[in-house]
Amino acid sequence: MLDQAITHITEIAQIPSFSTYEERLHPYIRRVFEDISSSHEIDVKGNSLVYKVGNSSEFPTIALTAHLDKINHYGTDYPDPLPIDIIEDQIEGAMDDSAGLGMVVTLAEMAESRQWPNLLFFFSEMEEKKGLKEHPELLKNNGKGYTNGMGAQRIAQQCIKLDTVPDQVITLDTTPLFKGDKGVALYANHWELNDLDPTEKLIQKTEETVNRFLDIDGEIKVDNNTNDYLHYGEEFNKKGGCTTVSVALEPSIYPYHQKGERVFIDDIQRCLTILESHLNDSIS
């Protein structure tokens, strides 16, 4: 499982799928899912991708998500492929969000041979706002018509429209909270940072989910920060008809939002082990 994830992470990290150019990653993602016989693609507007694996009415549905876009730290004269290296116990390169994407597609490949919940896989465009804010000239159309979080919002809106709403959304991204040390963080109370007024049921179900993660790995750091998990949490719950738990599980990254980002291989292994256990437990 770990070797499989490292291969995906390093291959994904080399692709210059900068914000608004996420389609450069589409062939790689599609090749993975073409080999998963039980998967099918769900159409969604824009540069995002959505897949579903499993359709059992007996099991819950869990969405695993990661964002496709990278920040362009190079300008118009960027290297292709982007640099990647494994240095002792870390992977160095464009880890935000190659680390999350690599873990998500690894879990997708594992799903066919496991008795897991129904799974949705959300691959979103335009999660990053740094390029949009600081260097819009590097984006298509100088960033006009693009907004931070638009991919996650479109994905959630399409799932609601198709009545394909997950019970849980687990976003895999990278966290700067550990400032160079190893660690895995869990972001949970998205309503503290978005515009949602949570129901008591959502608060309770989120707390139950957090406790399940902590039962698996008691060293997880429960905290909060901004990423697509906020948008999924708001969009799926704001209409009042759904109670969808949205959390983010994230390995440490350092430095952050600059060249030479590093993630610890041990943290990747921890995240995969936590998620494997969580998916196993979700149908018991």
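Residues numbered from 1 in each chain as written. Predicted model: local features only at pLDDT ≥ 70, side-chain atom pairs only at ≥ 80, totals over all residues. Heavy atoms only, no water.

> Would you explain the overall build of the protein chain in this entry?
Along its length, the protein chain carries eight helices and 12 strands. Seen through its C-alpha atoms, the protein chain measures out along the principal axes to roughly 50 × 40 × 40 Å. A total of 284 residues make up the protein chain; the buried ones form 55% of that total. Looking at the protein chain alone, contacts between residues at least 24 apart form 79% of all its contacts between residues at least 6 apart. Counting every atom, the protein chain has about 12,100 Å² of accessible surface; 43% of that belongs to carbon and sulfur. On the protein chain, the mean spot of the 25 positive side-chain charges and the mean spot of the 48 negative ones are 6 Å from each other. (Helix = DSSP H or I, 4+ residues; strand = E, 2+ residues; numbered from the N terminus. Buried < 20%, exposed > 50% of the residue type's maximum accessible area, 1.4 Å probe, protein only. Contact = heavy atoms within 4.5 Å. Areas by Shrake-Rupley, 256 points an atom, 1.4 Å probe, with all protein chains shown as cover. Lys, Arg positive; Asp, Glu negative; His and termini not counted. Charge placed at Lys NZ, Arg CZ, Asp CG, Glu CD.)

> What is the right way to look at the pairing of strand β5 (residues 90-93) in this model?
Every regular strand shows the same layout, with side chains that alternate between the two sheet faces. Strand direction decides the pairing type here: strand β4 (residues 85-87) and β5, joined by three bridges, are antiparallel. Across the sheet, residue I86 finds its bridge partner in β5, namely I91. Hairpin connection, β4 to β5: the antiparallel pair is bridged by two residues, and E88 has positive phi, about 55 degrees. Bridging between β5 and strand β12 (residues 261-264) involves four bridges; their strand directions are antiparallel. Bridge assignment links I91 to a residue of β12, and that residue is V263. (Pairing = 2+ DSSP bridges.)

> For this particular structure, what's the right way to read the layout of surface pockets?
Unoccupied space between atoms shows up once a probe the size of one water molecule is rolled over them. Reported here for the largest pocket is a volume of approximately 360 Å³. Residue lining of the largest pocket: 21 residues in total, with E127, K129, T226, Y256 and H257 positioned closest to the centre. Of all the secondary structure elements, the ones that give two or more residues to the lining of the largest pocket are α4 (130-134) and α7 (228-237). Taken together, the residues of the lining of the largest pocket break down into four nonpolar, seven polar and 10 charged. Taken as a whole, the second largest pocket spans an internal volume of roughly 170 Å³. Considered class by class, the residues forming the lining of the second largest pocket number seven nonpolar, four polar and seven charged. (1 Å grid on protein atoms, 1.4 Å probe; cavity = no way out; pocket = protein on both sides within 12 Å on 5 of 7 lines; lining within 4 Å. Points joined across faces, edges and corners; volume = space filled by probe spheres on them. Nonpolar A, V, L, I, M, F, W, Y, C, P; charged D, E, K, R; others polar.)

> Got a minute to help me understand the packing of aromatic side chains in this structure?
Given two aromatic rings, their pairing is described by the distance between the two centres and the angle made by the two planes. Enumeration according to the criterion identifies eight aromatic pairs in this entry. Pairing Y232 with F236 gives two aromatic rings, centres 6.5 Å apart and planes at 15 degrees, and the pair type is stacked. Of this pair, Y232 and F236 both sit in helix α7, four residues apart, which is roughly one turn of the helix. Here a set of aromatic residues connected by ring pairs shows up, and it is made of F33, Y51, F121 and F123. (Phe/Tyr/Trp six-rings, centres within 6.5 Å; stacked < 30°, edge-to-face > 60°.)

> Explanation requested: the sheet that holds strand β3 (residues 61-67) in the structure shown.
The strands making up a sheet associate through backbone hydrogen bonding, with each pair oriented either parallel or antiparallel. What the eight strands build is an open sheet, ordered β1-β2-β6-β3-β7-β10-β8-β9; its pairing is mixed. Unpaired on one side and paired on the other, β1 (39-42) and β9 (221-223) mark the two borders of the sheet. Across the sheet, the axes of successive neighbouring strands diverge by a mean angle of 25 degrees, strand direction being ignored. Relative to strand β10 (residues 245-251), strand β7 (residues 168-172) is paired through five bridges, and the arrangement is parallel. Along β10, the bridge assignment pairs Q168 with V245. Those strands touched by helix α5 (residues 150-161) are β2 (49-53) and β6 (118-124), and its axis lies near 145 degrees from that of β6. (Axes fitted to C-alpha atoms, helices over the stretch in contact; angles between N-to-C directions.)

> So what exactly am I meant to see when it comes to the pairing of β3 here?
Along β3, seven of the seven residues are buried, which leaves the element largely enclosed by surrounding structure. Along β3, one buried face is formed by T61, A63, T65 and H67 and the opposite face, lined by I62, L64 and A66, is buried too. When β3 meets β6, the two strands line up parallel, connected through seven bridges. Counted as the bridge partner of T61 is N118 from β6.

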